[in-house]
Amino acid sequence: MKRIALLQEGTVSHEAVNNLLAGEPAQLVHYQQITDVFRATAQGTTDYSVIPIENTIDGSVSLHLDWLVHEVDIPMQVEWVYPSKQNLIGSSQEFTLPSGELDLSKIVKIMSHPVAIPQCQKFIREHVPQAQLESVSSTAQAVEIVKQNPGQSWAAIGTTLAAHTHQLDILASGITDHHNNFTRFVLIGQQPLVLQRQPEGHRTSVLVMLPSDYPGALHQVLAAFAWRRLNLLRIESRPTKKQLGSYYFYIEVMESVESVLLTAAFAEIEALKCQVRVLGSYPCFPYLDNTIKID
(Lines give C-alpha, C1' and ligand atoms only; values in the text may rest on other atoms or scores of the structure.)
Protein backbone atom coordinates (compact mmCIF):
# COMPACT_ATOMS: atom_id res chain seq x y z
CA MET A 1 0.00 0.00 0.00
CA LYS A 2 1.37 3.44 -0.93
CA ARG A 3 2.35 5.69 1.98
CA ILE A 4 1.60 9.38 1.57
CA ALA A 5 2.94 12.18 3.78
CA LEU A 6 0.81 15.27 4.32
CA LEU A 7 -0.06 17.94 6.83
CA GLN A 8 -2.24 17.40 9.88
CA GLU A 9 -5.50 15.48 9.85
CA GLY A 10 -8.33 17.81 8.84
CA THR A 11 -6.29 20.27 6.74
CA VAL A 12 -7.13 21.23 3.15
CA SER A 13 -4.25 18.94 2.12
CA HIS A 14 -6.06 16.06 3.83
CA GLU A 15 -9.35 16.80 2.09
CA ALA A 16 -7.51 17.27 -1.21
CA VAL A 17 -5.67 13.93 -1.20
CA ASN A 18 -8.88 12.13 -0.24
CA ASN A 19 -10.46 13.74 -3.28
CA LEU A 20 -7.57 12.72 -5.53
CA LEU A 21 -7.57 9.10 -4.38
CA ALA A 22 -11.38 8.83 -4.57
CA GLY A 23 -11.42 5.77 -2.31
CA GLU A 24 -8.27 4.07 -3.63
CA PRO A 25 -6.25 2.47 -0.78
CA ALA A 26 -3.38 4.44 0.75
CA GLN A 27 -1.76 4.94 4.15
CA LEU A 28 -1.83 8.62 5.07
CA VAL A 29 0.97 9.79 7.39
CA HIS A 30 0.35 13.19 9.00
CA TYR A 31 2.98 15.75 10.04
CA GLN A 32 2.83 19.10 11.84
CA GLN A 33 5.17 20.99 9.51
CA ILE A 34 5.49 21.08 5.72
CA THR A 35 9.26 20.62 6.05
CA ASP A 36 8.61 17.25 7.72
CA VAL A 37 6.26 16.33 4.86
CA PHE A 38 9.09 16.96 2.36
CA ARG A 39 11.65 15.06 4.46
CA ALA A 40 9.41 12.02 4.92
CA THR A 41 9.63 11.14 1.24
CA ALA A 42 13.21 12.38 0.84
CA GLN A 43 14.29 9.99 3.60
CA GLY A 44 12.19 7.08 2.35
CA THR A 45 9.73 7.02 5.27
CA THR A 46 6.87 7.54 2.81
CA ASP A 47 6.44 6.95 -0.92
CA TYR A 48 4.88 10.32 -1.71
CA SER A 49 4.30 13.77 -0.22
CA VAL A 50 1.37 16.16 -0.75
CA ILE A 51 2.65 19.67 -1.57
CA PRO A 52 0.47 22.73 -2.30
CA ILE A 53 2.21 24.88 -4.93
CA GLU A 54 -0.30 27.51 -6.09
CA ASN A 55 -3.51 29.20 -4.95
CA THR A 56 -6.09 31.20 -6.87
CA ILE A 57 -5.95 34.09 -4.40
CA ASP A 58 -2.36 34.06 -3.11
CA GLY A 59 -0.56 32.82 -6.22
CA SER A 60 2.60 30.73 -6.10
CA VAL A 61 3.64 29.08 -2.83
CA SER A 62 7.26 30.19 -3.25
CA LEU A 63 8.55 28.47 -0.11
CA HIS A 64 7.43 25.07 -1.35
CA LEU A 65 8.80 25.66 -4.83
CA ASP A 66 12.16 26.60 -3.32
CA TRP A 67 12.19 23.35 -1.35
CA LEU A 68 11.60 21.36 -4.53
CA VAL A 69 14.47 23.20 -6.21
CA HIS A 70 17.06 23.58 -3.44
CA GLU A 71 16.35 21.09 -0.65
CA VAL A 72 15.09 17.82 -2.17
CA ASP A 73 15.46 16.02 -5.48
CA ILE A 74 12.06 14.37 -5.80
CA PRO A 75 10.08 14.55 -9.06
CA MET A 76 6.47 15.67 -9.33
CA GLN A 77 4.29 12.68 -10.22
CA VAL A 78 0.69 13.94 -10.11
CA GLU A 79 -1.04 17.33 -10.10
CA TRP A 80 -4.62 18.12 -9.13
CA VAL A 81 -6.76 21.02 -7.95
CA TYR A 82 -9.05 21.27 -4.95
CA PRO A 83 -11.28 24.09 -3.61
CA SER A 84 -10.02 25.73 -0.41
CA LYS A 85 -13.38 26.02 1.33
CA GLN A 86 -13.15 27.42 4.85
CA ASN A 87 -15.80 27.46 7.58
CA LEU A 88 -16.28 29.07 10.98
CA ILE A 89 -16.06 26.19 13.47
CA GLY A 90 -16.83 25.94 17.17
CA SER A 91 -19.28 24.62 19.72
CA SER A 92 -22.76 25.86 18.82
CA GLN A 93 -23.84 25.45 22.47
CA GLU A 94 -21.55 28.31 23.47
CA PHE A 95 -23.12 30.76 21.01
CA THR A 96 -26.80 29.74 20.93
CA LEU A 97 -29.43 32.12 22.30
CA PRO A 98 -32.53 30.87 24.19
CA SER A 99 -34.44 31.43 20.95
CA GLY A 100 -32.20 28.87 19.26
CA GLU A 101 -30.42 31.39 17.03
CA LEU A 102 -26.64 31.65 16.87
CA ASP A 103 -25.12 34.81 18.33
CA LEU A 104 -21.67 35.18 16.75
CA SER A 105 -21.08 38.38 18.73
CA LYS A 106 -20.20 36.12 21.68
CA ILE A 107 -17.03 34.91 19.92
CA VAL A 108 -13.98 36.52 21.55
CA LYS A 109 -11.22 34.87 19.51
CA ILE A 110 -10.84 33.27 16.09
CA MET A 111 -7.81 31.13 15.26
CA SER A 112 -6.55 29.80 11.96
CA HIS A 113 -3.60 29.54 9.58
CA PRO A 114 -2.13 32.96 8.63
CA VAL A 115 -3.16 32.40 4.99
CA ALA A 116 -6.75 31.38 5.78
CA ILE A 117 -7.58 34.41 7.95
CA PRO A 118 -6.99 37.06 5.23
CA GLN A 119 -9.05 34.96 2.81
CA CYS A 120 -12.10 35.43 5.10
CA GLN A 121 -11.76 39.15 5.87
CA LYS A 122 -15.16 40.19 4.48
CA PHE A 123 -17.02 37.67 6.65
CA ILE A 124 -14.99 38.62 9.71
CA ARG A 125 -15.67 42.36 9.24
CA GLU A 126 -19.40 41.84 8.75
CA HIS A 127 -20.17 39.13 11.31
CA VAL A 128 -17.41 38.89 13.96
CA PRO A 129 -15.56 42.24 14.00
CA GLN A 130 -15.16 42.02 17.78
CA ALA A 131 -13.15 38.80 17.68
CA GLN A 132 -9.41 38.77 18.30
CA LEU A 133 -7.57 37.06 15.44
CA GLU A 134 -4.75 34.64 16.21
CA SER A 135 -2.52 32.74 13.77
CA VAL A 136 -1.50 29.12 14.38
CA SER A 137 0.43 26.59 12.28
CA SER A 138 -2.58 25.13 10.44
CA THR A 139 -6.36 25.31 10.17
CA ALA A 140 -6.54 21.81 11.67
CA GLN A 141 -4.51 22.88 14.71
CA ALA A 142 -6.86 25.84 15.20
CA VAL A 143 -9.88 23.53 15.32
CA GLU A 144 -8.05 21.20 17.70
CA ILE A 145 -7.22 24.09 20.07
CA VAL A 146 -10.87 25.18 20.13
CA LYS A 147 -11.90 21.60 20.93
CA GLN A 148 -9.40 21.43 23.80
CA ASN A 149 -10.61 24.74 25.33
CA PRO A 150 -14.38 24.49 25.79
CA GLY A 151 -16.22 27.43 27.36
CA GLN A 152 -13.67 30.03 26.20
CA SER A 153 -15.93 31.40 23.42
CA TRP A 154 -13.26 30.62 20.84
CA ALA A 155 -13.81 29.63 17.23
CA ALA A 156 -11.62 28.49 14.35
CA ILE A 157 -11.53 28.85 10.60
CA GLY A 158 -11.05 25.41 9.07
CA THR A 159 -12.34 22.58 6.91
CA THR A 160 -15.46 20.47 7.11
CA LEU A 161 -13.22 17.45 7.69
CA ALA A 162 -11.56 19.15 10.69
CA ALA A 163 -14.95 19.95 12.24
CA HIS A 164 -16.00 16.31 11.83
CA THR A 165 -12.66 14.99 13.15
CA HIS A 166 -12.88 17.06 16.36
CA GLN A 167 -16.66 16.76 16.72
CA LEU A 168 -17.35 20.47 16.53
CA ASP A 169 -20.06 22.40 14.71
CA ILE A 170 -19.90 24.48 11.56
CA LEU A 171 -21.19 27.85 12.73
CA ALA A 172 -20.99 29.36 9.24
CA SER A 173 -20.18 27.55 6.00
CA GLY A 174 -18.11 28.76 3.05
CA ILE A 175 -16.88 32.02 4.56
CA THR A 176 -14.02 32.74 2.15
CA ASP A 177 -14.21 36.07 0.31
CA HIS A 178 -13.79 34.40 -3.09
CA HIS A 179 -15.69 31.23 -3.87
CA ASN A 180 -13.40 30.33 -6.77
CA ASN A 181 -10.55 29.75 -4.30
CA PHE A 182 -8.75 26.67 -5.60
CA THR A 183 -5.35 25.26 -4.64
CA ARG A 184 -3.04 23.30 -6.94
CA PHE A 185 -1.34 20.33 -5.31
CA VAL A 186 1.43 18.06 -6.52
CA LEU A 187 2.30 14.59 -5.30
CA ILE A 188 6.08 14.16 -5.25
CA GLY A 189 7.78 10.77 -5.17
CA GLN A 190 10.37 8.63 -6.90
CA GLN A 191 7.89 6.41 -8.77
CA PRO A 192 4.89 7.27 -10.98
CA LEU A 193 1.50 6.93 -9.31
CA VAL A 194 -1.16 5.06 -11.29
CA LEU A 195 -4.77 6.03 -10.54
CA GLN A 196 -8.04 4.65 -11.86
CA ARG A 197 -9.19 8.18 -12.75
CA GLN A 198 -8.53 9.64 -16.18
CA PRO A 199 -6.41 12.83 -16.29
CA GLU A 200 -7.43 15.86 -18.32
CA GLY A 201 -3.93 16.47 -19.65
CA HIS A 202 -0.21 16.19 -19.06
CA ARG A 203 2.20 18.82 -17.78
CA THR A 204 5.98 19.15 -17.48
CA SER A 205 7.72 21.41 -14.96
CA VAL A 206 11.22 22.56 -15.82
CA LEU A 207 13.89 24.92 -14.50
CA VAL A 208 15.93 26.97 -16.94
CA MET A 209 19.09 28.72 -15.81
CA LEU A 210 20.26 31.38 -18.27
CA PRO A 211 23.94 32.03 -19.02
CA SER A 212 25.07 35.31 -17.45
CA ASP A 213 26.81 36.55 -20.58
CA TYR A 214 24.23 35.79 -23.26
CA PRO A 215 22.09 38.85 -24.22
CA GLY A 216 18.60 37.96 -25.37
CA ALA A 217 18.76 34.42 -23.95
CA LEU A 218 15.30 34.53 -22.34
CA HIS A 219 13.73 35.66 -25.61
CA GLN A 220 15.39 32.76 -27.43
CA VAL A 221 14.32 30.30 -24.72
CA LEU A 222 10.69 31.33 -25.10
CA ALA A 223 11.00 31.25 -28.88
CA ALA A 224 12.09 27.59 -28.70
CA PHE A 225 8.67 26.81 -27.20
CA ALA A 226 6.69 29.31 -29.27
CA TRP A 227 7.59 28.24 -32.80
CA ARG A 228 6.86 24.60 -31.86
CA ARG A 229 3.42 25.75 -30.59
CA LEU A 230 4.11 24.39 -27.10
CA ASN A 231 1.70 25.88 -24.60
CA LEU A 232 3.45 27.54 -21.63
CA LEU A 233 1.03 27.66 -18.70
CA ARG A 234 3.34 29.38 -16.25
CA ILE A 235 6.70 31.14 -16.13
CA GLU A 236 8.16 32.52 -12.93
CA SER A 237 11.58 33.87 -11.99
CA ARG A 238 13.10 32.87 -8.66
CA PRO A 239 16.51 33.71 -7.13
CA THR A 240 19.14 30.98 -7.35
CA LYS A 241 20.38 31.97 -3.86
CA LYS A 242 23.95 31.85 -5.19
CA GLN A 243 24.54 35.53 -5.88
CA LEU A 244 22.63 38.80 -6.12
CA GLY A 245 20.86 39.18 -9.44
CA SER A 246 21.11 35.47 -10.32
CA TYR A 247 17.75 33.91 -11.21
CA TYR A 248 16.35 30.72 -12.65
CA PHE A 249 13.05 30.46 -14.53
CA TYR A 250 10.38 27.97 -13.47
CA ILE A 251 8.35 27.00 -16.54
CA GLU A 252 5.31 24.74 -16.92
CA VAL A 253 4.52 23.28 -20.33
CA MET A 254 1.26 21.53 -21.24
CA GLU A 255 3.11 18.60 -22.83
CA SER A 256 4.68 15.29 -21.81
CA VAL A 257 8.46 15.14 -21.50
CA GLU A 258 8.29 12.20 -23.92
CA SER A 259 7.02 14.52 -26.67
CA VAL A 260 9.42 14.87 -29.61
CA LEU A 261 8.66 18.59 -29.79
CA LEU A 262 9.45 19.19 -26.11
CA THR A 263 12.64 17.12 -26.29
CA ALA A 264 13.75 19.18 -29.28
CA ALA A 265 12.92 22.43 -27.46
CA PHE A 266 15.11 21.40 -24.52
CA ALA A 267 17.97 20.54 -26.90
CA GLU A 268 17.71 23.95 -28.55
CA ILE A 269 17.68 25.71 -25.16
CA GLU A 270 20.74 23.79 -23.99
CA ALA A 271 22.50 24.76 -27.22
CA LEU A 272 22.09 28.35 -26.04
CA LYS A 273 24.28 27.37 -23.04
CA CYS A 274 21.27 27.33 -20.71
CA GLN A 275 20.93 24.70 -17.99
CA VAL A 276 17.72 22.66 -18.08
CA ARG A 277 16.39 20.59 -15.17
CA VAL A 278 13.10 18.71 -15.37
CA LEU A 279 11.23 18.73 -12.03
CA GLY A 280 8.58 16.33 -13.23
CA SER A 281 6.30 15.28 -16.07
CA TYR A 282 2.92 14.22 -14.76
CA PRO A 283 -0.81 13.77 -15.38
CA CYS A 284 -3.16 16.57 -14.33
CA PHE A 285 -6.47 15.82 -12.67
CA PRO A 286 -9.40 18.25 -12.35
CA TYR A 287 -11.47 18.69 -9.20
CA LEU A 288 -13.68 15.66 -8.73
CA ASP A 289 -16.90 16.46 -6.89
CA ASN A 290 -16.95 13.22 -4.93
CA THR A 291 -17.88 14.84 -1.64
CA ILE A 292 -19.33 12.39 0.86
CA LYS A 293 -21.88 13.88 3.23
CA ILE A 294 -20.83 13.59 6.87
CA ASP A 295 -23.64 12.80 9.29
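Quick note: structure is the one above.
Residues numbered from 1 in each chain as written. Predicted model: local features only at pLDDT ≥ 70, side-chain atom pairs only at ≥ 80, totals over all residues. Heavy atoms only, no water.

(A) Geometry of helix H8 (residues 260-271). Here H8 contains 12 residues, and its C-alpha end-to-end distance of 17 Å stays within 8% of the 16 Å for a straight helix at 1.5 Å per residue. Every buried residue of H8 is accounted for by Leu262, Ala265, Phe266 and Ile269. Projection of H8 onto a plane perpendicular to its axis shows the buried side chains occupying an angular sector of 100°, all on one side. Residues of H8 that are exposed and point over 90 degrees away from its buried face: Val260 and Ala271. The inward-facing, buried residues of H8 contact strand S12 (201-209), helix H7 (217-226), strand S14 (247-253) and strand S15 (275-285). Between the side-chain oxygen at the start of H8 and the backbone nitrogen of Leu261 there is a gap of 3.2 Å, and the oxygen is on Ser259. Where H8 terminates, the next one or two residues include Lys273, which has phi positive at roughly 70°. (Helix = DSSP H or I, 4+ residues; strand = E, 2+ residues; numbered from the N terminus. Expected span 1.5 Å × (residues − 1). Buried < 20%, exposed > 50% of the residue type's maximum accessible area, 1.4 Å probe, protein only. Arc of directions from axis to C-beta. Contact = heavy atoms within 4.5 Å. Polar contact = N/O pair within 3.5 Å; in protein donor to acceptor, adjacent residues only side chain to side chain.)

(B) Highlighting the layout of surface pockets. Taken as a whole, the largest pocket holds about 660 Å³ of empty space. In this structure, the largest pocket is lined by 27 residues; those nearest its centre are Leu7, Pro52, His64, His113 and Val115. Mapped onto the lining of the largest pocket, the elements with two or more residues apiece are helix H1 (12-21), helix H2 (34-42), strand S3 (48-55), strand S4 (59-60), helix H3 (62-71) and strand S11 (182-189). Considered class by class, the residues forming the lining of the largest pocket number 9 nonpolar, 17 polar and 1 charged. (1 Å grid on protein atoms, 1.4 Å probe; cavity = no way out; pocket = protein on both sides within 12 Å on 5 of 7 lines; lining within 4 Å. Points joined across faces, edges and corners; volume = space filled by probe spheres on them. Nonpolar A, V, L, I, M, F, W, Y, C, P; charged D, E, K, R; others polar.)

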